Amino acid sequence: MKVKTVMRAILVAGLATGLFFSEETKAQTTDSTAKATPVVVQQPAPNAVQETPKKKAWYDRISLRGYAQVRYNRLLETNPNLKCDQCDKSLGDGGGLFLRRGRLIFSGDVSDRLYIYIQPDFASSASSNTLHFFQLRDAYFDVSLDKNKVYRFRVGQSKIPYGFENLQSSSNRLALDRNDALNSAIANERDLGIFFYWTPEAIQERFKLLTDAGLKGTGNYGVFGIGIYNGQTANKPEVNSTQHVVARLSYPLLVGGKQIIEPGIQAYTGKYVVTPDQVSSGVGIEEKYLKDGFDDQRLAASVVVYPQPFGFQAEYNVGRGPEFNLESNAIEVQNLHGGYAQAMYRKEVGSQVLIPFVKVQHYEGGKKHERDAPGYSVYETEIGVEWLVHKSVELTADYSIGDRTIRNAQNFDNRQYGNRLRLQAQFNF
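Residues numbered from 1 in each chain as written. Predicted model: local features only at pLDDT ≥ 70, side-chain atom pairs only at ≥ 80, totals over all residues. Heavy atoms only, no water.

Draft legend 1. Geometry of the nonpolar core. I160, Y162, F195, Y229, V246, Y268 and Y363 are the most contacted members of the largest nonpolar core, which has 19 residues in total. Of all elements in the fold, only α3 (180-183), β6 (190-198) and β16 (375-390) reach the threshold of two or more residues within this core. What I160 contacts, discounting residues up to four positions off in sequence, is L167, I186, E189, R190, D191, F195, Y229 and V246. Counting 10 residues, the second largest nonpolar core, distinct from the first, contains Y272, V279, V283 and I331. (Core = buried A, V, L, I, M, F, W, Y, C linked by side-chain atoms within 4.5 Å. Buried < 20%, exposed > 50% of the residue type's maximum accessible area, 1.4 Å probe, protein only. Helix = DSSP H or I, 4+ residues; strand = E, 2+ residues; numbered from the N terminus. Contact = heavy atoms within 4.5 Å.)

Shown next as structure tokens:
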């Protein structure tokens, strides 16, 4: 009896133990199986393999854009003899509706290190009675030394880095013409040369913002730029085989998280030749100047407060260069000075933008590009407003009050003053 009882107990215990180990083993096996189950990676079907994107050809990287300007300058005109050869050739007597500019711009990164920019003008005016010539304005090539384009060389015909307003595109400028004081340094603002520009990545973005946001920037002409150029200005051959040297330092400072202020300083030096075709009969000029050229040197300071919403812009330069001398009836090296100041206010009205502005300028000095390098005394005030109707259409009204005196071999004291209302329609495409 005891034996049966013991055997029965052992059997129950064994069954219980077997059941325990059976469940534990089953659990361990299940867990182990779960852990050991491989992850099945679905392989893409042969026809689903993505192809490597084709590299764009250089001609697929080129963009085309442009703008045109149509003007009328004679509303409320008080003096039809008040003209400016350096400015708008439709000013004054004989002026009517005038196609001031007709530009097409071909540009783009044709490779990681090469950027091209070619800009012809279909509305260049050789004189007040010869209009609408096709002329090359820009044809330059930027070679970057690094993939981020911090260091680059610019080779070809381009704007000379001298003066903020000179570098500012006519499509962005508020006043209809550039100031006499700095623009008299380089006719059409351009020449053939080689330039080095340094622009940190963060400042590249800032320069881009200033133009894209409609704040009237210049684009990227570097924080620092230095270079050489022929000196006789765009589309004219070099004469004395010596180049001008130019340098510019300009930095757009971010103030208060939004406002941007850009101070700058620039200078150039060289020898400018007044060629025989620029000299009237009877005007004296020393032989050494005809061959080697006149001293041509300037230094300028700039400051720009971008309109957010108030803005201010001013530049002033001093220097020396060729100028007609009344006393000797000859072209000689003389001192020059002058500049301008401009205030503006930018107001967004829905999708449109209004920018009223006031600009005053003064210049005393010669204009080497004009016949006999005449001396000038310029006082001018402009009151105007630009209306961005649409991103493709801009309208500008500019009331000008001018007082200009020109001293040359034909007239030693040709003073003209008067007022006029000038209108412009600009089309961006």
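Draft legend 2. View of unusual backbone geometry. Note that the residue after Q308, namely P309, is joined by a cis bond; omega there is -5°. Along the polypeptide, P309 turns up in the loop between β11 (294-305) and β12 (310-325). For K149, which is not glycine, the phi dihedral falls at a positive 60°. For K149, a relative accessible area of 24% corresponds to the partly exposed category. In this model, E189 sits at a positive phi of 65°, which is unusual for a non-glycine residue. In this structure, E189 sits in the loop between α3 and β6. Look at E189 and you get buried, because its relative accessible area is 7%.

Draft legend 3. A look at the side chain of E386. Within the fold, E386 resides in strand β16. Polar contacts involving the side chain of E386 include one to the side chain of K216, which spans 2.6 Å. Apart from residues lying up to four places away in sequence, E386 is in contact with R173, L174, K216, V353, L354, I355, F357, E394, L395 and T396. (Polar contact = N/O pair within 3.5 Å; in protein donor to acceptor, adjacent residues only side chain to side chain.)

Draft legend 4. Fine view of the environment of A175. Mapped onto the elements of the fold, A175 is located in the loop between α2 (164-167) and α3. Its relative accessible area of 1% is what places A175 among the buried residues. Sequence-wise, A175 and Y399 are 224 residues apart; in three dimensions their C-alpha atoms are separated by 9.9 Å. Beyond its immediate sequence surroundings of up to four residues, A175 is in contact with Q342, F357, K359, E382 and D398.

Draft legend 5. Seen up close, the pattern of salt bridges. Summed over the entire model, instances satisfying the criterion amount to 27 salt bridges. With a closest N to O distance of 2.8 Å, E165 and K359 form a salt bridge. Here E165, found in helix α2, pairs with K359, found in strand β15 (residues 352-366); they are 194 residues apart in sequence, far enough to count as distant. The same class applies to E165 as to K359, namely buried. Across the salt bridge formed by R407 and E323, the nearest N and O atoms sit 3.9 Å from each other. On the criterion of sequence distance, the pair formed by R407 in strand β17 (residues 393-407) and E323 in strand β12 is long-range, its members being 84 residues apart. As far as the burial class goes, R407 and E323 line up, both buried. (Salt bridge = Lys/Arg side-chain N within 4 Å of Asp/Glu carboxyl O.)

Draft legend 6. Empty space enclosed by the protein, seen in detail. Applying the stated criterion across every chain yields a total of two cavities of 30 Å³ or more. Empty space within the largest cavity amounts to approximately 120 Å³. As for the largest cavity, its lining consists of 16 residues, of which C87, L91, E380, R404 and R422 are closest to the centre. Broken down by secondary-structure element, the contributors of at least two residues to the lining of the largest cavity are β16, β17 and β18 (414-428). Element by element, the count of residues in the lining of the largest cavity is highest for β17, at three residues. Residues that form the lining of the largest cavity fall into these classes: four nonpolar, three polar and nine charged. The space that makes up the second largest cavity amounts to roughly 60 Å³. Taken together, 13 residues form the lining of the second largest cavity, with Q69, S170, R173, Q424 and Q426 sitting closest to its centre. (1 Å grid on protein atoms, 1.4 Å probe; cavity = no way out; pocket = protein on both sides within 12 Å on 5 of 7 lines; lining within 4 Å. Points joined across faces, edges and corners; volume = space filled by probe spheres on them. Nonpolar A, V, L, I, M, F, W, Y, C, P; charged D, E, K, R; others polar.)

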